[in-house]
Amino acid sequence: MEALRAADSPSPREAFAGRRVAPSILAADFSRLGEQVTEVMDAGARVIHVDVMDGHFVPPITIGPLVVSAIADRVHDAGGALDVHLMIERPAGQVGEFARAGADCITIHHEADPHAHRTLAAIREAGCLAGLALNPGTAAEAVSDLADAADLFLCMTVNPGWGGQAFIPESPGKVERMRSLVGTEAMLEVDGGIDSETVVPVAAAGAGLFVAGSAVFAQDDPAEAYRAIAAAADAQ
């Protein structure tokens with residue numbers, strides 16, 4: 001069933017505006033997923049990140065459109081947005097399913113799609129913001145020819161696949177290069193090893209959206225952990 005956004009809810013672009021910490025449900029307790037999503041949104045989160053993995057592009061298998069659909073109304077009713085990160089092969093074939101499930105932004109990997117320009121256009125046509133992610137081993141310059149095709153650019157600050165990995169120290173330099181290539185208006189996101197310490201240099205380098213999984217949901221008090229990262233990043 002397609003998730004509908006209330007007429008008085010902010011648009012996805014408004015929900016993503018400014019600096020935001022995006023808790024990733026990859027690290028959540030799925031036995032009480034709805035409760036944990038509400039907990040971090042009550043603490044101020046407005047972007048909820050969903051890591052989708054297929055066992056091919058990356059080794060693990062995680063979740064699909066049904067989970068997005070299960071939390072979409074809860075997130076939208078609270079004035080938030082769903083940030084769906086497809087770490088999968090052939091992402092074009094899944095765009096429609098995730099859009100219907102309630103995704104507000106769908107990000108694909110440059111390395112996973114030889115027709116990224118076409119897939120980004122399809123994401124926009126489906127009514128979602130379009131995102132393009134780069135793995136750590138992909139040069140920042142890969143975004144140059146797609147700078148106008150995407151709304152959001154994601155710099156992976158770990159190699160994709162598992163939560164809880166250590167932040168790659170060279171990442172702020174790559175973030176800075178990506179910011180110079182995509183311009184000041186594009187949304188620039190980082191994902192991997194983000195906590196209240198590592199968020200500081202990537203924020204200074206130009207990122208405005210900070211995905212945090214284990215640093216939020218693996219903590220005793222996810223709401224307080226969220227607030228600590230947001231404060232360190234001077235984020236909303």
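Now for a quick tour of the structure. (Residues numbered from 1 in each chain as written. Predicted model: local features only at pLDDT ≥ 70, side-chain atom pairs only at ≥ 80, totals over all residues. Heavy atoms only, no water.)

Quick notes on the layout of surface pockets
A water-sized probe, rolled over the atoms, reveals where empty space remains. How we decide: Buriedness of a pocket was judged along seven lines, with at least five required to meet protein on both sides within 12 Å; pockets are open sets of points on a 1 Å grid over the protein atoms alone, cavities are sets where a 1.4 Å probe fits but cannot get out, and lining residues have an atom within 4 Å of a point. Grid points are joined across faces, edges and corners, and a volume is the space filled by probe spheres set on the points. Here a strand is any run of E in DSSP of at least two residues, a helix any run of H or I of at least four, and the numbering for each starts at the N terminus. Each residue receives one of three labels: charged for Asp, Glu, Lys and Arg, nonpolar for Ala, Val, Leu, Ile, Met, Phe, Trp, Tyr, Cys and Pro, and polar for the others, Gly being one of them.
There is about 310 Å³ of room inside the largest pocket. Taken together, 24 residues line the largest pocket, and the ones lying closest to its centre are Gly 163, Gly 164, Asp 191, Gly 192 and Gly 193. The set of elements that each furnish at least two residues to the lining of the largest pocket consists of strand E2 (47-53), strand E8 (209-212) and helix H8 (214-217). When its residues are assigned to classes, the lining of the largest pocket shows 12 nonpolar, 9 polar and 3 charged.

Considering the packing of helix H2 (residues 33-42) against helix H9 (residues 222-233)
In plain terms, the rule: Here, axes are lines fitted to C-alpha atoms. For helices the fit covers the stretch in contact, and angles between N-to-C directions go from 0 to 180 degrees. These descriptions rest on fixed angle ranges, namely under 35 degrees for roughly parallel, over 145 for roughly antiparallel, 65 to 115 for roughly perpendicular, and the rest for oblique. Note on convention: near helix rotated counterclockwise from far helix by under a right angle means a left-handed crossing. Clockwise means right-handed. Note on definitions: a residue-residue contact is assigned when non-hydrogen atoms from the two residues lie within 4.5 Å.
The geometry of H2 relative to H9 is characterised by a closest axis approach of 8 Å and an angle of 40° between their N-to-C directions. Overall, the two elements H2 and H9 adopt an arrangement that is oblique. The interaxial crossing formed by H2 with H9 has right-handed handedness. Residue-level inspection shows Gln 36, Glu 39 and Val 40 of H2 in contact with H9, the latter providing Pro 222, Ala 223 and Tyr 226.

Observations regarding helix H6 (residues 171-182)
Here is the rule: How far a helix is expected to stretch is found by multiplying one less than its residue total by 1.5 Å.
In this model, H6 (12 residues) spans 16 Å end to end at C-alpha, consistent with the 16 Å of a helix rising 1.5 Å per residue. Buried residues in H6 make contact with strand E5 (129-134), strand E6 (152-156), strand E7 (187-191) and helix H7 (199-205). Once H6 finishes, Gly 183 follows within two positions and takes phi at roughly 90°, a positive value.

Here we look at the nonpolar core
When a protein is soluble and globular, its nonpolar side chains tend to lie buried together. Quick reminder of the rule: Here, nonpolar core means buried Ala, Val, Leu, Ile, Met, Phe, Trp, Tyr and Cys residues that are tied together by side-chain atoms lying within 4.5 Å of each other. Think of it in three bands: with a 1.4 Å probe and only protein chains considered, a residue is buried below 20% of the maximum accessible area for its type, exposed above 50%, and partly exposed in between.
By size, the foremost hydrophobic cluster in this structure holds 67 residues, and its most contacted members are Ile 25, Ile 48, Ile 106, Leu 120, Leu 132, Phe 153 and Phe 210. If near-sequence neighbours (up to four positions away) are discounted, Phe 153 is found in contact with Leu 132, Val 143, Leu 146, Ala 147, Met 178, Val 182, Ala 186, Met 187, Leu 188 and Glu 189.

Looking at the environment of Gln 219
The following threshold applies: Within 3.5 Å is the distance limit for a polar contact, defined as a pair of N or O atoms, with the added protein rule that one can donate a hydrogen and the other accept it, and that residues adjacent in sequence qualify only through two side-chain atoms.
Considering the arrangement of structural elements, one finds Gln 219 in the loop between H8 and H9. Overall, Gln 219 belongs to the partly exposed group, its relative accessible area being 38%. In this structure the C-alpha to C-alpha distance between Gln 219 and Ala 27, which are 192 residues apart in sequence, comes to 9.8 Å. Not counting chain neighbours up to four residues away, the residues in contact with Gln 219 comprise Ser 214 and Ala 225. At a separation of 2.9 Å, a polar atom in the side chain of Gln 219 contacts the main-chain carbonyl oxygen of Ser 214.

What about the environment of Asp 234?
Positionally, Asp 234 belongs in the segment after H9. Between the C-alpha atoms of Asp 234 and Ala 45, which are 189 residues apart in sequence, the distance is 13 Å.

Re the environment of Asp 83
Locating Asp 83 in the fold gives a position in strand E3 (residues 81-87). Between the C-alpha atom of Asp 83 and that of Gln 94, which follows or precedes it by 11 residues, the distance is 15 Å. Setting aside residues up to four positions removed in sequence, Asp 83 forms contacts with Phe 16, Val 47, Ile 48, His 49, Val 50, Cys 105, Thr 107, Glu 189 and Leu 209. Polar side-chain contacts of Asp 83 include one of 2.7 Å to the side chain of His 49.

Description of the sheet that holds E2
Counted only if it meets this: Strand pairing is assigned whenever DSSP identifies at least 2 bridges connecting the two strands.
Pairing is parallel in the open sheet, where 8 strands are placed in the order E1-E8-E7-E6-E5-E4-E3-E2. If you trace the sheet from one side to the other, it starts and ends with strand E1 (20-23) and E2, each paired once. Strand-to-strand twist of the sheet, defined as the mean angle between neighbouring strand axes without regard to direction, takes the value 25°. Sheet analysis places E6 next to E7, joined by 5 bridges and oriented parallel. Bridge pairing in E7 links Cys 155 to Val 190. Strands E2 and E3 of the sheet are contacted by helix H3 (residues 65-77), whose axis makes an angle of about 150° with E3.

Function cannot be inferred from these measures alone, as they are strictly geometric.
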